[in-house]
Amino acid sequence: GMSLVPALQADEKPYQDRELVFHWRRGFPEKYWNVAYRKGNYKLVGNVPHDAEVGQFELYDLATDPYEQQNLADAQPAKVSELKQLLDQWWGQTV
């Protein structure tokens, strides 16, 4: 863990942004089922089968759409592909 005291006492952000993975499921985890991957302002969401294609994921820009109302996956397939690839790397390290 890290102390949050520097973040509370300073105007500057003392920590680098980091990638976050959320995976929720009862039982054995499935690769792209109930998973989200966040990097920067973007969040990739998967509720899709383990062999899903890029176009089946959801993509949100949390800076402009914090309530995740506008799926950007069709408009930004390169970003979906990038985040899916990073998610695949994470998956390969944990399972």
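How each quantity is defined
Each chain has its residues counted from 1, following the order in which its sequence is written. Where local features are concerned, this predicted model is filtered to residues with pLDDT of at least 70; where side-chain atom pairs are given and counted, the filter is 80 or more; whole-chain, interface and lining totals use all residues. Side-chain numbers here rest on the full set of heavy atoms in the structure, without hydrogens or water. Each helix is a run of DSSP H or I of at least 4 residues and each strand a run of E of at least 2, with the numbering of both proceeding from the N terminus. For every residue, the accessible area obtained with a 1.4 Å probe (protein chains only) is divided by the maximum for its type, and the residue is called buried under 20%, exposed over 50%, and partly exposed between those limits. Residue contacts follow a heavy-atom distance rule, with two residues in contact if any of their heavy atoms lie within 4.5 Å. Each salt bridge in this description consists of a side-chain nitrogen of Lys or Arg and a carboxyl oxygen of Asp or Glu lying within 4 Å of one another. To form a nonpolar core, buried Ala, Val, Leu, Ile, Met, Phe, Trp, Tyr and Cys residues must be joined to one another through side-chain atoms within 4.5 Å. In this scheme, strands are said to pair when DSSP sees at least two bridges between them. All axes here are fitted lines through C-alpha atoms, helices being fitted over the stretch that makes contact, and every angle between N-to-C directions spans 0 to 180 degrees.

A. Spotlight on the side chain of N34. The residue N34 is located in the loop between strand 1 (20–23) and strand 2 (35–39) in this model. By relative accessible area, which is 16% here, N34 ends up buried. Among all residues touching N34, those that are not within four sequence positions of it are F22, H23, W24, G46 and N47.

B. Local environment of the pattern of salt bridges. Following the criterion strictly, the structure yields five salt bridges and no others. Beyond isolated ion pairs, a larger network of salt bridges with shared partners links K31, K84 and D88.

C. How the structure looks around the nonpolar core. Grouped together as the largest cluster of nonpolar side chains are 15 residues, with contacts concentrated most on L44, F57, L59 and L83. Elements supplying a minimum of two residues to this core: strand 2, strand 3 (42–46) and helix 2 (77–94). Sorting elements by how many residues they give to this core places helix 2 first, with four residues. Residue contacts for F57: discarding those within four places in its chain leaves Y32, L44, V45, G46, V48, A52, N71, A73, V80 and K84.

D. The sheet that holds strand 3, seen in detail. Across the sheet, which stays open at both edges, the four strands sit in the order 1-2-3-4 with antiparallel pairing between neighbours. Only two strands of the sheet have a single partner each, and these edge strands are strand 1 and strand 4 (58–61). If you compare each strand with its neighbour and ignore which way they point, the axes differ by 15° on average. Here strand 1 pairs with strand 2 via four bridges, running antiparallel. When the bridges of strand 2 are listed, V21 appears paired with Y37. Contacting strand 1, strand 2, strand 3 and strand 4, helix 2 runs over the sheet at an angle of about 110° to strand 2.

Limitation: the analysis is restricted to geometry and does not speak to function.
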